[in-house]
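In case you want the letters, here they are:
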Amino acid sequence: MVEFPIRKIAMLVEAIFHEGGPAADQPRRRGAAMALVGNPFAGRYVAEVQGAMEDLKPLGLMLSDRLIDALGGDPSIIDGYGKGAIVGTAGELEHGALWHVPGGYAMRERLGEAKAIVPSAKKVGAFGARLDVPLGHINAAYVRSHFDAMEVGISDGPRPDEILFVLAMSCGPRIHNRMGGLEAKDIKAWDGLR
């Protein structure tokens, strides 16, 4: 078992009322749950790291639960998600890829019927680095109204031997979305794409 000791957890929740046009009847909400953890692989090359995904599953579930609570506690109103990681400079990009299964599957489990791939971004970054976490609809990747990104970061991390793991969720389409395409109400195939 590999340990990822938590130094800090941070939450960011936004309510977006307008983007220059008229105020929406209901603001769009976006949120991110972030955990700054020690990187057990920092400073050295380790050939086999994939098994550590299993060790991160409890963190994925905990961040999912906290984020759902921060967005009001009702998973049925959450219809967008994404994930990301910033690896400190003593680590490598592959250490951020450890988040694919524990982050993505935790959100799917907690949100129920989620079918679409969880959009993801990762990078190696210095102290105070920022990341644009992509967001997409939870059930169909082609729902344009939910294409978005949320900028995240923590001012005092990641330190060189840390990783910032992020989960992001949203409620509703972009404010003033008008780019056409598949609408959420018209999802039919339930294959995660259309």
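Our subject is the structure that appears above.
Residues numbered from 1 in each chain as written. Predicted model: local features only at pLDDT ≥ 70, side-chain atom pairs only at ≥ 80, totals over all residues. Heavy atoms only, no water.

**Remarks on the overall build of the chain**
Secondary structure assignment for the chain yields 3 helices and 7 strands. Along the chain, helices and strands appear, N-terminal first, in the series β-β-α-β-α-α-β-β-β-β. On C-alpha atoms alone, the chain measures out to a radius of gyration of 17 Å, which is about the 16 Å that the 2.2 N^0.38 rule sets for 194 residues. Classification of the 194 residues of the chain by burial places 46% in the buried group. Restricting the contact set of the chain to residue pairs at least 6 apart, pairs at least 24 apart contribute 79%. For the chain, the exposed surface amounts to about 9300 Å²; the carbon and sulfur share of it is 53%. Taking the average location of the 22 positive side-chain charges in the chain and that of its 24 negative ones, the two points are 4 Å from each other. (Helix = DSSP H or I, 4+ residues; strand = E, 2+ residues; numbered from the N terminus. Rg over C-alpha atoms; globule rule 2.2 N^0.38 Å. Buried < 20%, exposed > 50% of the residue type's maximum accessible area, 1.4 Å probe, protein only. Contact = heavy atoms within 4.5 Å. Areas by Shrake-Rupley, 256 points an atom, 1.4 Å probe, with all protein chains shown as cover. Lys, Arg positive; Asp, Glu negative; His and termini not counted. Charge placed at Lys NZ, Arg CZ, Asp CG, Glu CD.)

**A word on the packing of helix α1 (residues 52–70) against helix α3 (residues 100–111)**
Close contact between α1 and α3 brings their axes to 7 Å; oriented N to C, the two are set at 45°. As judged from the angle between their axes, α1 and α3 are oblique. Considering only the axes of α1 and α3, their crossing is right-handed. Of the residues in α3, those in contact with M53, L56, K57, G60, L61, S64, D65 and I68 of α1 are V101, P102, A106, M107, E109, R110 and L111. Taken together, the residues that form the contact of α1 with α3 break down as 9 nonpolar, 2 polar and 4 charged. (Axes fitted to C-alpha atoms, helices over the stretch in contact; angles between N-to-C directions. Parallel < 35°, antiparallel > 145°, perpendicular 65-115°, else oblique. Left-handed = near helix turned anticlockwise from the far one by under 90°. Nonpolar A, V, L, I, M, F, W, Y, C, P; charged D, E, K, R; others polar.)

**Looking at the side chain of N39**
Tracing the sequence through the fold places N39 in the loop between β2 (28–38) and α1. Beyond its immediate sequence surroundings of up to four residues, N39 is in contact with V87, G91, H95, D161, E162 and I163.

**Some points on the packing of aromatic side chains**
Overall, the coordinates contain 3 aromatic pairs when judged by the stated rule. Relative to F165, the ring of F4 lies with its centre 6.4 Å away and its plane at 65°, an arrangement referred to as edge-to-face. Of this pair, F4 sits in the segment before β1 (6–16) while F165 sits in strand β7 (residues 162–171), and the two are 161 residues apart along the sequence. For the pair F4 and F165, a shared accessibility class is recorded, and that class is buried. Joined through ring pairs, the aromatic side chains of F4, F41, W99 and F165 make up one cluster. Between R108 and the ring centre of Y105, over which it is positioned, the NZ or CZ distance is 5.6 Å. (Phe/Tyr/Trp six-rings, centres within 6.5 Å; stacked < 30°, edge-to-face > 60°. Lys NZ or Arg CZ within 6 Å of the ring centre and 35° of its normal.)

**Side note on unusual backbone geometry**
Each neighbour pair has its own omega, and for G157 with P158 the value is 0°, a cis peptide bond. Within the secondary structure layout, P158 lies in the loop between β6 (148–152) and β7. Of note, H176 is a non-glycine position whose phi angle comes to about 65°, a positive value. In this fold, H176 is placed in the segment after β7.

**So, the pairing of strand β3 (residues 80–87)**
Consecutive side chains of a regular strand alternate in pointing toward one face of the sheet and then the other. Counting buried positions along β3 yields 8 of 8 residues, so the element is predominantly enclosed. Of the two faces of β3, both are covered, the one formed by G80, G82, G84 and I86 as well as the one formed by Y81, K83, A85 and V87. Looking at chain direction, β3 and strand β5 (residues 131–137) are connected through 2 bridges and run antiparallel. Residue pairing across strands places G80 opposite H137, the latter belonging to β5. Sheet topology note: the β3/β7 ladder contains 8 bridges and is antiparallel. Residue pairing across strands places K83 opposite L167, the latter belonging to β7. Bridge count between β3 and strand β4 (residues 120–124): 5 bridges; the pairing is parallel. What sits directly across from K83, in β4, is S120. (Pairing = 2+ DSSP bridges.)

Interpretation note: all reported values are geometric properties and have no functional meaning in isolation.
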